[in-house]
Amino acid sequence: MHGIHRSHHLFTHLKRRGIVPLIDEVMLPGPDVPDPENVQGDILYLFPKVAEDFIFFRISDVIEFKKRLASFEPTHGKQVYNHLLAIHEAKAKNAGWVTIVQKQIAFSRPGLNILGLTERTGDDRFDVYCMRDNKRFLGDGMPWDRVFDKPNPDPDNGTANVDEGAIHGIISIAGSDENVCKATTKETLLHFDRSIESQSVTILHGRARPNQFKGHEHFGYLDGISQPAIRGLIAPLPGQIQVDAGVIVAGYKGDPALGRRPTWVKDGSFMAFRKLQQLVPEFNQYLAKNGPRWKEFVPKVDANPPLSSEEGAALWGARMVGRWPSGAPLARATVRDDPDMADDPKRNNDFDYTVSGVDEPTDKLCPFTAHTRKTAPRNLDPYLSRQFLEAGSIVRAGLPYGGEVTEDEKKDEKSSEEERLSRGLLFVSYQSDLNSGFVRQTVGYANNDFFPTVSLIPKQHGQDPLLGGPPNSVIASANTPVPEARPGNAITVFVQGRDAENLEVSGFASPTYGHGVIPPPGTPQEFFINSRGGEYFFVPSISTLKDISKA
């Protein structure tokens, strides 16, 4: 415990970070803790960054690529630790900006195959499917960007081992400012030169938002507060979920595939990349529309003085997200934002949704559907164990992309259809197993109407209002009366679909609202994020990269 306090004291000027390293002298080396010098640096400690370029590429000349890889210098965890220390010391002395650049490289399943690593990694999703195969499974209903839209997807059998149209790898360049990021991206492309297909290179630019919006995603909420603390490497804060190293890094305690991976997978991690477009004007208009009805959704606690419409809109947004724009958790700041709490790392994560006097999981203060409650669940005893929830943890490392909302968009309350004005989040997650991490959080949690599990009988809560989204629906009506049907009943309907195919549709009955009847706030649920595609990658260890370059 003394070492944890010393770590937070040493990095006191980095209190906004969700991940704070244990200082060297109290780090716990051993069989259950990876060596940071052998793990690429974004995985363990997160690159400190203002700008990050993601370079997607295909290999054109394997022999030449390996030669270039041999002299490529990815940033490892200990270097990131030193960068964080330098930033802290500069802030403590008011010494100005620290110039930093960091690099990382990862490969898709086809990319590993091209490089000669054809053994199964032990990650069943990565070894069988590319993300395009899982488009519908992940709930993505919108068209994908061309770079991610691999031809001839196979949702059943997967195309991870089909090279046609596949991305082979991704290089991440993270910098302390945009200029150093751009310069290093250019140098990196020159470094790999003709070993990669120039015509297939795609670069996505992640950039922190400016000035007072730094650290906030485009909807306006502080991001990255809740991250898992890896035991033996990270100094946990009050309320922070702690996980075994193997939940994030392959080859250690907590890795669900431990014992069935080839040796070259150890100290690596699986990366899920996703480009998420955010419809900001529409989101803001949705909050403003529901804000005046705050009395219908405010928690049954003291709400004096009464909320204004603007405060009601802010509360509606907090109930969608689970946190206020400042980062304060709704579970503790139940009616109004609390920037002081948000700014205190000893309080902004110290909650678990329990309510005094209530024995079961409850949505009294925070909806079960709130984004942070859906994707990072806490304390679902006795229905889901703490170990199960820990095993589903991911390290998130993304950045916003695109500019601020334009005046025309504000006036029209509608996002521009021009691609150059698009904005959103370049989502990145690290985990030792995609099914346990990214897929569980996306499909098992966010898109699952019945999660979180709060009783022995499944209860329908709805989808995550940020990451969720129903598939394109077909509206049909039937006039056959079912007198026994009541709202909330489970109902199965048999219909005839395309080509006279008989289809079975199951769900729960909900009332329709006729003329003059006002439905509850937020009905029907609206969604404001469109996935534009993504891919699964493996981030090899430093030693494995060296072995690849020599093979």
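Nothing here was measured: the structure is a model prediction, and the numbers come from that model.

Chemist: Which parts of the structure should I look at to understand the overall build of the protein?
Modeler: Helix and strand counts for the protein stand at 15 helices and 13 strands. For the protein, the residues scored as buried account for 52% of the 551 residues in total. Pairs at least 24 apart in sequence give 73% of the contacts found in the protein among residues at least 6 apart.

Chemist: What should I look at first to understand the pattern of salt bridges in this one?
Modeler: Pairing between side chains becomes possible if they bear opposite charge and their charged atoms approach one another. For the structure shown, the criterion picks out 30 salt bridges. Its salt-bridge partner being Glu-197, residue Arg-58 comes within 3.5 Å of it at the nearest N-O pair. Taken together, the residues Arg-58 in the loop between strand E1 (51-57) and helix H3 (62-70) and Glu-197 in the loop between helix H7 (178-192) and strand E4 (202-207) connect sequence positions 139 residues apart. Residues Arg-58 and Glu-197 agree in their burial class; the two are buried. In this structure, a network of salt bridges that share partners links the residues Asp-53, Glu-178, Lys-182 and Arg-207.

Chemist: Sorry if this is basic, but what is going on with the packing of aromatic side chains here?
Modeler: To describe a pair of aromatic rings, you give the distance between the ring centres and the angle between the ring planes. One pass over the structure, following the stated rule, counts 24 aromatic pairs. For the pair Phe-65 and Phe-107, a centre-to-centre distance of 6.1 Å together with 80° between the ring planes defines the contact as edge-to-face. Here Phe-65, found in helix H3, pairs with Phe-107, found in strand E2 (residues 101-107); they are 42 residues apart in sequence, far enough to count as distant. You'll find Phe-65 and Phe-107 in the same group, each marked buried. Members of the aromatic cluster, joined through ring pairs, are Phe-219, Tyr-221, Phe-283, Tyr-286, Phe-297, Trp-316 and Phe-528. Here the basic side chain of Arg-209 rests over the ring of Phe-213, its NZ or CZ set 4.5 Å away from the ring centre.

Chemist: Help me understand the environment of Ala-250 in this model?
Modeler: Tracing the chain through its elements places Ala-250 in the loop between strand E6 (242-243) and strand E7 (269-278). Separated by 129 residues in sequence, Ala-250 and Thr-121 place their C-alpha atoms 9.8 Å apart. With residues near it in sequence (within four places) discarded, Ala-250 still touches Asp-255, Arg-261, Val-265, Lys-266, Asp-267, Gly-268 and Ser-432.

Chemist: Can you walk me through empty space enclosed by the protein in this structure?
Modeler: A probe as big as a water molecule, rolled over the atoms, marks out the empty space that is left. The full count for this structure, using the stated rule, is four cavities of 30 Å³ or more. Each pocket or cavity is described by its volume, and for the largest cavity that value is around 90 Å³. Forming the boundary of the largest cavity are Lys-15, Arg-16, Arg-17, Gly-18, Leu-222, Ile-225, Leu-237, Gln-240, Ala-342, Pro-345, Asn-348 and Asn-349. Split into classes, the residues belonging to the lining of the largest cavity amount to five nonpolar, four polar and three charged. Considering only enclosed or pocket space, the second largest cavity measures out at about 40 Å³ in volume. Forming the walls of the second largest cavity are Arg-132, Val-147, Phe-148, Lys-150, Gly-165, Ala-166, Ile-167, Gly-534 and Glu-535. A breakdown of the residues in the lining of the second largest cavity according to their chemical character gives four nonpolar, two polar and three charged.

Chemist: Help me out: how do you make sense of helix H4 (residues 77-92) in this one?
Modeler: With 16 residues, H4 ought to run about 22 Å at 1.5 Å a step, and its terminal C-alpha atoms sit 23 Å apart, in line with that. Among all positions in H4, only Gly-77, Val-80, Tyr-81, His-83, Leu-84, Ile-87, His-88 and Ala-90 are buried. In the stretch just after H4, Asn-94 is the one whose phi turns positive, near 50°.

Chemist: Hey, could you run me through the packing of H3 against H7 in this one?
Modeler: The description of two helices packed together rests on the angle between their axes and the distance between the axes. At a minimum axis separation of 9 Å, H3 and H7 run at an interaxial angle of 135°. Put simply, H3 runs oblique to H7. Each of Phe-65, Arg-68 and Leu-69 in H3 lies in contact with H7, whose residues at this interface are Leu-190, His-191 and Phe-192. Grouping the constituent residues of the contact of H3 with H7 by class yields four nonpolar, one polar and one charged.

Chemist: Honestly, the side chain of Gln-102 in this entry has me stumped. Any pointers?
Modeler: Note on placement: Gln-102 falls in strand E2. Since its relative accessible area comes to 0%, Gln-102 is described here as buried. A distance of 3.1 Å separates a polar atom in the side chain of Gln-102 from the backbone oxygen of Pro-48. Leaving out residues up to four positions away in the same chain, Gln-102 has contacts with Phe-47, Pro-48, Thr-75, Val-80, His-83, Ser-172, Ile-173 and Ala-174.

Chemist: Honestly, the pairing of E7 in this entry has me stumped. Any pointers?
Modeler: Residues in a regular strand point their side chains to alternate faces of the sheet. Burial analysis of E7 places ten of its ten residues in the buried class, the great majority of the element. The two faces of E7 match: Ser-269, Met-271, Phe-273, Lys-275 and Gln-277 on one face and Phe-270, Ala-272, Arg-274, Leu-276 and Gln-278 on the other face are all buried. When E7 meets strand E13 (residues 529-539), the two strands line up antiparallel, connected through nine bridges. Note that in E13 the partner of Gln-277 across the bridge is Asn-530. Taken together, the eight bridges between E7 and strand E10 (residues 424-431) define a ladder with antiparallel strand orientation. Bridging across to E10, Phe-270 finds its partner in Gln-431.

Chemist: Would you mind going over the nonpolar core with me for this structure?
Modeler: Soluble, globular proteins show a tendency: their nonpolar side chains are buried together. Among the nonpolar cores identified, the biggest contains 115 residues, and Phe-56, Phe-65, Ile-105, Ile-248, Met-271, Phe-273 and Tyr-430 are the most heavily contacted of them. With six residues, the top contributor of residues to this core is helix H9 (residues 309-321). In terms of nonpolar packing, the next biggest core, distinct from the first, is built from seven residues, Leu-380, Leu-384, Leu-389 and Phe-451 among them.

Conventions we followed
Residues numbered from 1 in each chain as written. Predicted model: local features only at pLDDT ≥ 70, side-chain atom pairs only at ≥ 80, totals over all residues. Heavy atoms only, no water. Helix = DSSP H or I, 4+ residues; strand = E, 2+ residues; numbered from the N terminus. Buried < 20%, exposed > 50% of the residue type's maximum accessible area, 1.4 Å probe, protein only. Contact = heavy atoms within 4.5 Å. Salt bridge = Lys/Arg side-chain N within 4 Å of Asp/Glu carboxyl O. Phe/Tyr/Trp six-rings, centres within 6.5 Å; stacked < 30°, edge-to-face > 60°. Lys NZ or Arg CZ within 6 Å of the ring centre and 35° of its normal. 1 Å grid on protein atoms, 1.4 Å probe; cavity = no way out; pocket = protein on both sides within 12 Å on 5 of 7 lines; lining within 4 Å. Points joined across faces, edges and corners; volume = space filled by probe spheres on them. Nonpolar A, V, L, I, M, F, W, Y, C, P; charged D, E, K, R; others polar. Expected span 1.5 Å × (residues − 1). Axes fitted to C-alpha atoms, helices over the stretch in contact; angles between N-to-C directions. Parallel < 35°, antiparallel > 145°, perpendicular 65-115°, else oblique. Polar contact = N/O pair within 3.5 Å; in protein donor to acceptor, adjacent residues only side chain to side chain. Pairing = 2+ DSSP bridges. Core = buried A, V, L, I, M, F, W, Y, C linked by side-chain atoms within 4.5 Å.

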